[in-house]
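In case you want the letters, here they are:
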Amino acid sequence: MRNLILSAALVSASLFGMTAQAADVPLEAGKTYVELANPVPVSVPGKIEVVELFWYGCPHCYSFEPTINPWAEKLPADVNFKRIPAMFGGPWDAHGQMFLTLEAMGVEHKVHNAVFEAIQKDRKPLTKPEQMADFLATQGVDKEKFLATFNSFAIQGQIKQAKELAQKYGVQGVPTLIVNGKYRFDLGTSGGPEQTLNVADQLIAKERAAE
């Protein structure tokens with residue numbers, strides 16, 4: 001199972017050119033998805049949770065955006081979609097802390113795409129707080145408020161929580177999806193972006209039927 005997750009980091013760019021299959025992706029525990037031995041509690045009780053573990057520095061995550069964003073926007077009311085930054089050290093931690101800061105400020109949804117493009121298209125590192133603050137100021141984010149929030153005790157607590165969740169999920173590559181704290185899968189195990197969301201839809205239906 002660990003090898004299946006490790007394969008996420010090696011998904012080739014060609015997967016993003018694959019079209020969705022007409023039929024549902026066959027669900028097969030241990031292949032299409034991994035069922036966690038110890039389910040993780042969801043953040044909003046009473047709703048089916050879909051978590052995307054991502055990193056702003058990941059080209060596959062960036063390529064996944066045009067597929068997952070419209071899907072997430074159309075999810076029914078009983079489904080809660082959330083992103084959690086994968087923080088494996090170095091720039092992963094810096095970008096993850098930036099995401100959590102923007103989320104805490106209530107502006108992440110406004111600048112999420114701009115941050116991705118700055119890192120992926122414009123090759124801006126955005127690994128230092130001042131670099132982040134200067135860039136974000138061009139996107140309408142208050143520089144001083146960003147820096148104060150970035151260094152706050154509350155954000156340190158959220159960083160700890162994000163790292164603990166990634167560990168509990170057993171995530172070792174991104175992008176990875178978790179449905180309802182029980183099922184882990186990625187582009188490699190599912191077969192591509194559209195197929196990954198097809199697996200998510202099926203697991204959401206599975207959880208809904210079990211309620």
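The rules we used
- Residues numbered from 1 in each chain as written.
- Predicted model: local features only at pLDDT ≥ 70, side-chain atom pairs only at ≥ 80, totals over all residues.
- Heavy atoms only, no water.
- UniProt positions renumbered as here; feature names shortened; annotations may be inferred.
- Helix = DSSP H or I, 4+ residues; strand = E, 2+ residues; numbered from the N terminus.
- Buried < 20%, exposed > 50% of the residue type's maximum accessible area, 1.4 Å probe, protein only.
- Contact = heavy atoms within 4.5 Å.
- Axes fitted to C-alpha atoms, helices over the stretch in contact; angles between N-to-C directions.
- Parallel < 35°, antiparallel > 145°, perpendicular 65-115°, else oblique.
- Left-handed = near helix turned anticlockwise from the far one by under 90°.
- Nonpolar A, V, L, I, M, F, W, Y, C, P; charged D, E, K, R; others polar.
- Pairing = 2+ DSSP bridges.
- Core = buried A, V, L, I, M, F, W, Y, C linked by side-chain atoms within 4.5 Å.

An unreviewed UniProt entry annotates the chain as Thiol:disulfide interchange protein of Pseudomonas mucidolens. Note on the chain: under the UniProt heading Subcellular location (unreviewed entry), the record states "Periplasm".

Asker: Help me out: how do you make sense of the side chain of Glu65 in this one?
Answerer: By the element assignment, Glu65 lies in helix 2 (residues 59–73). Classification of Glu65 as buried rests on a relative accessible area of 5%. When near neighbours in sequence (up to four residues on either side) are disregarded, Glu65 contacts Pro70, Arg83, His112 and Phe116.

Asker: For this particular structure, what's the right way to read the packing of helix 2 against helix 4 (residues 108–120)?
Answerer: Think of two packed helices as two axes; the pair is described by the angle between the axes and how far apart they sit. Between helix 2 and helix 4, the least distance of the axes is 11 Å, while the angle of their chain directions is 140°. As the angle between them shows, helix 2 and helix 4 are arranged oblique. Handedness of the helix 2/helix 4 crossing: left-handed. Side by side, helix 2 and helix 4 meet where Pro59, Cys61, Tyr62 and Glu65 of the first sit next to His112, Phe116, Glu117 and Gln120 of the second. Across the contact of helix 2 with helix 4, the residue classes tally to 4 nonpolar, 2 polar and 2 charged.

Asker: Got a minute to help me understand the environment of Asp201 in this structure?
Answerer: Positionally, Asp201 belongs in helix 9 (residues 193–210). Counting along the chain gives 151 residues from Asp201 to Val50, while the straight-line C-alpha distance between them is 9.9 Å.

Asker: Before we go on, may I ask you to explain the sheet that holds strand 2 (residues 48–54) in this structure?
Answerer: Within a sheet, neighbouring strands are paired by backbone hydrogen bonds and run either parallel or antiparallel to one another. The strand order across the open sheet built from 5 strands is 1-5-4-2-3, with neighbouring strands paired in mixed fashion. With partners counted over all chains shown, the strands left at the sheet margins are strand 1 (34–35) and strand 3 (79–85), one partner each. Bridging between strand 2 and strand 3 involves 7 bridges; their strand directions are parallel. Bridged to Glu49 within strand 3 is Asn80. Each of strand 2, strand 3 and strand 4 (176–179) touches helix 2; the most contacted strand, strand 3, lies at about 160° to it. Along the sheet, helix 3 (residues 91–105) contacts strand 2 and strand 3; its crossing angle with strand 3, the most-contacted strand, is approximately 135°.

Asker: Would you explain the nonpolar core in this entry?
Answerer: Side chains of nonpolar character tend, in soluble globular proteins, to be buried together. Residues Leu53, Met98, Leu102, Val115, Leu136, Phe146 and Tyr169 are the most contacted members of the largest nonpolar core, which totals 44 residues. Those elements giving two or more residues to this core turn out to be strand 2, helix 3, helix 4, helix 5 (129–137), helix 6 (143–150) and helix 7 (153–169). The dominant element in this core, judged by the number of residues it contributes, is helix 3, at 7 residues. Apart from the residues lying within four places of it in its own chain, the contact partners of Tyr169 are Leu36, Val40, Glu49, Val51, Leu53, Ile84, Ile178, Gly181 and Arg184. By size, the runner-up hydrophobic cluster in this structure holds 21 residues, among which are Ile48, Leu177, Leu187 and Ala200.

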